[in-house]
Amino acid sequence: ARDWPLPRITLGELMAAFGSRSYGLLIVLFAIPNLLPIYIPGLSPIFGVPLAIVALQLALGQPMPWLPGVLTRRSLRREDLQKIAIAAQPWLRRVEYFLKPRPSALTRRAGERAIGAYCFFLALLVIVPLPLTNGPPSLACAIMAIGLIEEDTLTVLAGMVVGVFSTVLALSVIGGVAWLALAALQALFGS
């Protein structure tokens with residue numbers, strides 16, 4: 001960000017700078033807001049829908065992600081991006097300690113498509129506006145995306161494991177809410 005010649009950086013310019021790795025960048029970007037330790041009603045679809053769109057494009061094998069102009073024209077001040085980068089450096093250093101390029105079939109084209117399909121499924125869970133259906137699937141997507149960016153198979157696998165646990169948790173919450181709703185309807189209208 002420090003070397004960027006203009007005062008503002010758009011999401012489209014970031015995507016262009018990341019090139020083929022912009023899928024990972026976008027998945028992380030749209031997953032992070034749902035990792036907040038508090039539940040904010042209505043937030044999950046705002047970031048879950050673009051997360052699903054990007055993941056679906058990866059699953060379909062599009063060479064580069066596409067987002068509507070209204071999103072790609074969104075910009076940050078260069079100074080704000082620098083502040084974010086500086087604040088994230090201690091966390092990134094800790095994460096980079098574990099990340100190493102460990103390419104495998106998962107980090108190649110067909111593997112990326114499978115990860116895109118899995119992230120798409122998880123993003124559908126993120127969109128559900130219930131507590132505990134947003135954060136864990138978003139975390140799984142972010143971990144897999146970081147693994148894709150770094151071509152680290154172990155990180156991708158860790159994200160997949162988190163995805164399995166988050167799927168069980170989210171589906172349990174959704175099933176529980178559905179069961180309570182059916183029980184309430186049955187009590188209201190009789191058996």
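Look above for the structure.
Residues numbered from 1 in each chain as written. Predicted model: local features only at pLDDT ≥ 70, side-chain atom pairs only at ≥ 80, totals over all residues. Heavy atoms only, no water.

This structure, assessed with the given rule, holds three salt bridges. Between Glu 151 and Arg 21 there is a salt bridge, with the nearest N and O atoms lying 3.8 Å from each other. Linking Glu 151 in the loop between helix 7 (135-150) and helix 8 (153-189) with Arg 21 in the loop between helix 1 (11-18) and helix 2 (22-31), this pair joins segments that are 130 residues apart in sequence. Judged by its relative accessible area of 33%, Glu 151 falls in the partly exposed class. Note that Asp 152 is salt-bridged to Arg 102, the shortest N-O span being 2.7 Å. Residue Asp 152 is found in the loop between helix 7 and helix 8, and its partner Arg 102 is found in the loop between helix 5 (78-98) and helix 6 (109-127); the two are separated by 50 residues along the sequence. (Salt bridge = Lys/Arg side-chain N within 4 Å of Asp/Glu carboxyl O. Helix = DSSP H or I, 4+ residues; strand = E, 2+ residues; numbered from the N terminus. Buried < 20%, exposed > 50% of the residue type's maximum accessible area, 1.4 Å probe, protein only.)

Moving on, we get to unusual backbone geometry. Among all residues except glycine, the phi angle is most often negative; among peptide bonds, the trans geometry is most common. For Leu 132, which is not a glycine, the phi torsion comes out positive at approximately 70°. By relative accessible area, Leu 132 is classed as partly exposed at 49%. The phi angle at Glu 151 is positive, at roughly 55°, despite the residue not being glycine.

Once that is clear, we can look at the packing of helix 1 against helix 2. The contact between helix 1 and helix 2 brings their axes to 8 Å, and the two run at 140°. In terms of their interaxial angle, helix 1 and helix 2 are classed as oblique. Along the contact surface, helix 1 presents Leu 11, Leu 14, Met 15 and Phe 18, while helix 2 presents Ser 22, Leu 25, Leu 26 and Leu 29. By residue class, the composition of the contact of helix 1 with helix 2 is seven nonpolar, one polar and no charged. (Axes fitted to C-alpha atoms, helices over the stretch in contact; angles between N-to-C directions. Parallel < 35°, antiparallel > 145°, perpendicular 65-115°, else oblique. Contact = heavy atoms within 4.5 Å. Nonpolar A, V, L, I, M, F, W, Y, C, P; charged D, E, K, R; others polar.)

Moving on, we get to helix 8. One turn of the α-helix equals 3.6 residues, which is why residues spaced by three or four share an orientation. Taking 1.5 Å as the rise per residue, helix 8 with 37 residues should run 54 Å; its terminal C-alpha atoms sit 53 Å apart, in good agreement. The inward-facing, buried residues of helix 8 contact helix 6 and helix 7. Of the residues that open helix 8, the one with a side-chain oxygen 3.1 Å from the backbone nitrogen of Leu 154 is Asp 152. (Expected span 1.5 Å × (residues − 1). Polar contact = N/O pair within 3.5 Å; in protein donor to acceptor, adjacent residues only side chain to side chain.)

Bringing the packing of helix 3 (residues 43-59) against helix 6 into the picture now. Interaxial distance between helix 3 and helix 6 falls to 7 Å at its minimum, and their mutual angle equals 160°. By the angle class used here, helix 3 and helix 6 are roughly antiparallel. As for how helix 3 packs across helix 6, the hand of that crossing is left-handed. Residues Ser 44, Pro 45, Gly 48, Val 49, Leu 51, Ala 52, Ala 55, Leu 56, Leu 58 and Ala 59 of helix 3 form the contact with helix 6, whose own contacting residues are Glu 112, Arg 113, Gly 116, Ala 117, Cys 119, Phe 120, Ala 123, Val 126 and Ile 127. Taken together, the residues that form the contact of helix 3 with helix 6 break down as 14 nonpolar, three polar and two charged. (Left-handed = near helix turned anticlockwise from the far one by under 90°.)

Turning next to the state of the cysteines. Two cysteines joined by a covalent bond between their sulfur atoms form a disulfide. Inspection of every chain in the model, using the stated rule, returns zero disulfides. The thiol of Cys 119 is unpaired, and the distance to the nearest cysteine sulfur, on Cys 141, comes to 3.8 Å. Residue classification places Cys 119 among the buried positions, given a relative accessible area of 1%. Under the relative-accessibility criterion, Cys 141 is labelled buried at 0%. (Disulfide = S-S within 2.5 Å.)

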